[in-house]
Amino acid sequence: MNSKTNTIYQILEWITKFAYVNLLWIVFTFAGCVVLGFYPATIAMFAMVRDWLRGKSDLPVLKTFWVYYKRDFLKSNILGLFINILLVFIITDIYYIQVSMNETLSWTHIPLFAFMLLVALFLFYIFPSFVHYDLKVGQLMKNALLIMIISPIHSFFMLVCIVSTFFIMRAVPALFFIFGSVTYAFITTWLSLHAFDRIQDKKG
């Protein structure tokens, strides 16, 4: 009975932590007027998730989140500038596809979709790489791109997990608002850490 009670308590504790960090991500994003707050809050969330996955689950949530938010405020926004440029390219691609839906231009959709997929996979690795490696932004992006290329299995499982989670949360929208961002961070960080460790083992 005690074992069962302890298990239930731990599950409820992790549910509370997930919801709390998700709430902090929203609050600190708006604290930076969204434009300047989104990327520092996202990095802080990923750093918290990495700590959990590395066994540091007893850290004070609010204090630790705030430390990461302040520490990486400038660097995360520099990274965000490059990510925003990539997102502009994706939006442009989507718009191009929509306005050119005819047979003569249909062949061009293949490279556009391929580019969009590559950017999506790259974004899976960029935030976990940011909180795992102490690199400058340019080196960080190259590193994340390289890891993405040499880790197709991890990328595949990320896609499967994220798509599955999306459909679950689509069926229960409340889950998206309570756990959406931190669940994405947990999935990508968990699988990315496996990819990082595998690369490190090969180097060793």
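Residues numbered from 1 in each chain as written. Predicted model: local features only at pLDDT ≥ 70, side-chain atom pairs only at ≥ 80, totals over all residues. Heavy atoms only, no water.

Caption draft 1: Inspection of the overall build of the protein chain at higher detail. Looking only at helices and strands, the protein chain has eight helices and zero strands in total. Secondary structure of the protein chain in N-to-C order comes out as α-α-α-α-α-α-α-α. Seen along its three principal axes, the alpha-carbon backbone of the protein chain occupies a region of about 70 × 40 × 40 Å. Of all 204 residues assigned to the protein chain, the portion counted as buried reaches 41%. A separation threshold of at least 6 residues defines the contact pool for the protein chain, and within that pool the share at least 24 residues apart is 73%. When the accessible area of the protein chain is evaluated, it comes to approximately 12,300 Å², of which 73% is carbon and sulfur surface. Of the side chains in the protein chain, 15 bear a positive and 9 a negative charge, and the two mean positions are spaced by 5 Å. (Helix = DSSP H or I, 4+ residues; strand = E, 2+ residues; numbered from the N terminus. Buried < 20%, exposed > 50% of the residue type's maximum accessible area, 1.4 Å probe, protein only. Contact = heavy atoms within 4.5 Å. Areas by Shrake-Rupley, 256 points an atom, 1.4 Å probe, with all protein chains shown as cover. Lys, Arg positive; Asp, Glu negative; His and termini not counted. Charge placed at Lys NZ, Arg CZ, Asp CG, Glu CD.)

Caption draft 2: Inspection of the nonpolar core at higher detail. Of all hydrophobic cores here, the largest spans 54 residues; its most connected members are Met45, Phe65, Leu79, Phe122, Tyr125, Ile126 and Phe127. A per-element tally of this core places helix H5 (residues 109-132) first, with twelve residues. The residues touching phenylalanine 127, leaving out its near neighbours within four places in the chain, are Tyr39, Thr42, Ile43, Phe46, Leu79 and Ile83. (Core = buried A, V, L, I, M, F, W, Y, C linked by side-chain atoms within 4.5 Å.)

Caption draft 3: Up close: the side chain of aspartate 51. Tracing the chain through its elements places aspartate 51 in helix H2 (residues 38-53). In this structure, aspartate 51 is buried with no salt-bridge partner, the nearest side chain bearing the opposite charge being arginine 50 at 4.4 Å. Leave out the neighbours within four places in its chain, and aspartate 51 touches Lys56, Ser57, Leu59, Thr64 and Tyr68. (Salt bridge = Lys/Arg side-chain N within 4 Å of Asp/Glu carboxyl O.)

Caption draft 4: A look at helix H6 (residues 137-150). Spanning 14 residues, H6 covers 20 Å between terminal C-alpha atoms, matching the ideal 20 Å at 1.5 Å per step. Considered for burial, the residues of H6 that qualify are Val137, Leu140, Met141, Ala144, Ile147 and Met148. Down the axis, H6 shows its buried residues gathered within 130° of arc, on one side only. The exposed residues of H6 that point more than 90 degrees off its buried face are Lys142 and Ile149. (Expected span 1.5 Å × (residues − 1). Arc of directions from axis to C-beta.)

Caption draft 5: The arrangement of the environment of lysine 70 in detail. Relative to the helices and strands, lysine 70 is located in helix H3 (residues 61-71). With relative accessibility at 49%, the residue lysine 70 sits in the partly exposed group. Sequence separation between lysine 70 and alanine 41 is 29 residues; the distance between their C-alpha atoms is 9.3 Å.

Caption draft 6: How the structure looks around the packing of aromatic side chains. On inspection of all chains with the given rule, the structure shows 19 aromatic pairs. Between the aromatic rings of phenylalanine 18 and phenylalanine 186, the centroid separation amounts to 5.5 Å while the plane-to-plane angle is 50°, which identifies the pairing as tilted. One end of the pair, phenylalanine 18, is in helix H1 (residues 2-31); the other, phenylalanine 186, is in helix H8 (residues 173-203), with 168 residues separating them in the sequence. A relative accessible area of 15% places phenylalanine 18 in the buried class. Pairing phenylalanine 166 with phenylalanine 167 gives two aromatic rings, centres 5.4 Å apart and planes at 70°, and the pair type is edge-to-face. Feature note: the residues Trp25, Phe38, Tyr39, Phe46, Phe124, Phe127 and Tyr184 constitute an aromatic cluster, connected by ring pairs. It is lysine 17 that lies over the ring of tryptophan 14; its NZ or CZ is 4.6 Å from the centre. The aromatic ring of phenylalanine 130 is capped on one face by lysine 75, whose charged end is 4.8 Å from the ring centroid. (Phe/Tyr/Trp six-rings, centres within 6.5 Å; stacked < 30°, edge-to-face > 60°. Lys NZ or Arg CZ within 6 Å of the ring centre and 35° of its normal.)

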